[in-house]
Amino acid sequence: MSEREKPKLRHEKKSPLEYIKGDFTSKDIVSLRQFDPKSLQQLFEVTSIMRDSEMQTFPMTPLGGHVVTLLFYEPSSRTFNSFDSAVKHLGGETITEKDPSHFSSVSKGETFEDTIRTFEAYGDLIVLRHPEVGSAELAAKVSQKPIINAGDGIGEHPTQALLDLFTIWEHTGRLENIRGLMAGDILNGRTVHSLLEGLAMFPGNVVYLLSHESLRLDRSTLQELQDKGLAVIEIDSPEDIPKDVGFWYWTRTQKERFKDNEEYEKVKNNYIITPKFMKKYGNPNMVLMHPLPRVGEIDPKVDDDPRAIYFNKQAQNGLYVRMALLALVLGRTRTV
Ligand code: NCD
């Protein structure tokens, strides 16, 4: 085949796990470690445009003609559907494969790598959720098309952290010198891991981690975050929650990561937020966030509290951030 006849990739891909450094085009989004403050700012600018529906700097359908594959080996409501919605809002199409272990050739014994190569042939980008830590990185090595990590086991969940950071930034107007509290399953919560990475990127941040002793962050991650300059203070009693934190980030205990159900039962719902709890330990200026789903750790009576922003702001921002990210990775913005 001559050079002229060769089918051309729409976007030439570079090596996986590259730093973003202000250029999202064709890059895999596997970890918050790839980001820097300037790239976050770029993403947030585009996210704000998506949020405000000021599409004048975009073609109306920036993903027109694009097909995005949603390959989800684990259950999902928000991540799956907000990606699906984001693609469609931008004029693209999706191929959706939920539970490929049962409903695709994976059930016949196909390897993960072969599955990735197959879907790579059908679309322009793959959004992947998988139970194994490192699966997104492996997919990125295999695929010439960009991979977006939608959660790899207890590893990372970068797009959740991006929407969490955007939500914190919207609330406080900055991402440095922030004091926050994260609670629940710090050991297994991938959203927590990615958000901590994000906060470690900025100076002066202090994070309190409230958890049962057995659900603390693994020691090497803790050390890495501290080496980057993030102040991390582990606590196990709500009495130790400082009154001046700007956000609370609550999480569920990750039942599916426990081998022993009895162990799970022992540590689940150690800290349940009720209106009384908010009154006793909260402060008027904070916001209460949760990546969702919640399974009892926030009493629905708290939902009416204006500080509870998990549905109306945080989950909503998931759509805008994913729209912005898809447009940037597929190289369809002209603003930045
Ligand atoms: C999170 C996840 O899947 O890690 N959910 C989400 O994507 N919003 C949090 C969780 O399942 O607890």
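Residues numbered from 1 in each chain as written. Predicted model: local features only at pLDDT ≥ 70, side-chain atom pairs only at ≥ 80, totals over all residues. Heavy atoms only, no water.

### Re the packing of aromatic side chains
What the rule picks out here adds up to 13 aromatic pairs. Judged by centre distance (5.3 Å) and plane angle (35°), the rings of Trp248 and Trp250 are tilted. There is no split in this pair, since Trp248 and Trp250 are both buried. Every member of this aromatic cluster is reached through a ring pair, and the members are Trp248, Trp250, Phe277 and Tyr281. In this arrangement the basic side chain of Lys98 is found over the ring face of Phe80, its NZ or CZ atom lying 4.4 Å from the centre. (Phe/Tyr/Trp six-rings, centres within 6.5 Å; stacked < 30°, edge-to-face > 60°. Buried < 20%, exposed > 50% of the residue type's maximum accessible area, 1.4 Å probe, protein only. Lys NZ or Arg CZ within 6 Å of the ring centre and 35° of its normal.)

### Details of the site of the ligand
Around the ligand, the structure places Thr79, Arg129, His157, Gln160, Arg190, Thr191, Arg252, Gln254, Pro291, Leu292 and Pro293. Take Gln254: an N or O atom from its side chain is 2.8 Å from an oxygen atom of the ligand. Against a free-state accessible area of 320 Å², the protein chains account for coverage of 94% of the ligand. Its residues placed into classes, the shell around the ligand shows three nonpolar, five polar and three charged. (Near = heavy atom within 4 Å. Polar contact = N/O pair within 3.5 Å; in protein donor to acceptor, adjacent residues only side chain to side chain. Areas by Shrake-Rupley, 256 points an atom, 1.4 Å probe, with all protein chains shown as cover. Nonpolar A, V, L, I, M, F, W, Y, C, P; charged D, E, K, R; others polar.)

### Remarks on the side chain of Glu74
Looking at the element boundaries, Glu74 is found in the loop between β1 (67–72) and α2 (78–89). The class for Glu74 is buried, based on a relative accessible area of 12%. Once residues within four sequence positions are removed from consideration, Glu74 is found in contact with Arg129, His130, Pro131, Arg190 and Arg257. (Helix = DSSP H or I, 4+ residues; strand = E, 2+ residues; numbered from the N terminus. Contact = heavy atoms within 4.5 Å.)

### Focus: the sheet that holds strand β4 (residues 147–152)
In space, the four strands of this open sheet follow the order β2-β1-β3-β4, with parallel pairing throughout. Both outer strands of the open sheet, β2 (93–98) and β4, are each paired with one neighbouring strand and no more. This sheet shows a mean twist of 10° between the axes of neighbouring strands, independent of strand direction. Relative to strand β3 (residues 125–130), β1 runs parallel, the two sharing five bridges. Note that in β3 the partner of Phe72 across the bridge is Arg129. (Pairing = 2+ DSSP bridges. Axes fitted to C-alpha atoms, helices over the stretch in contact; angles between N-to-C directions.)

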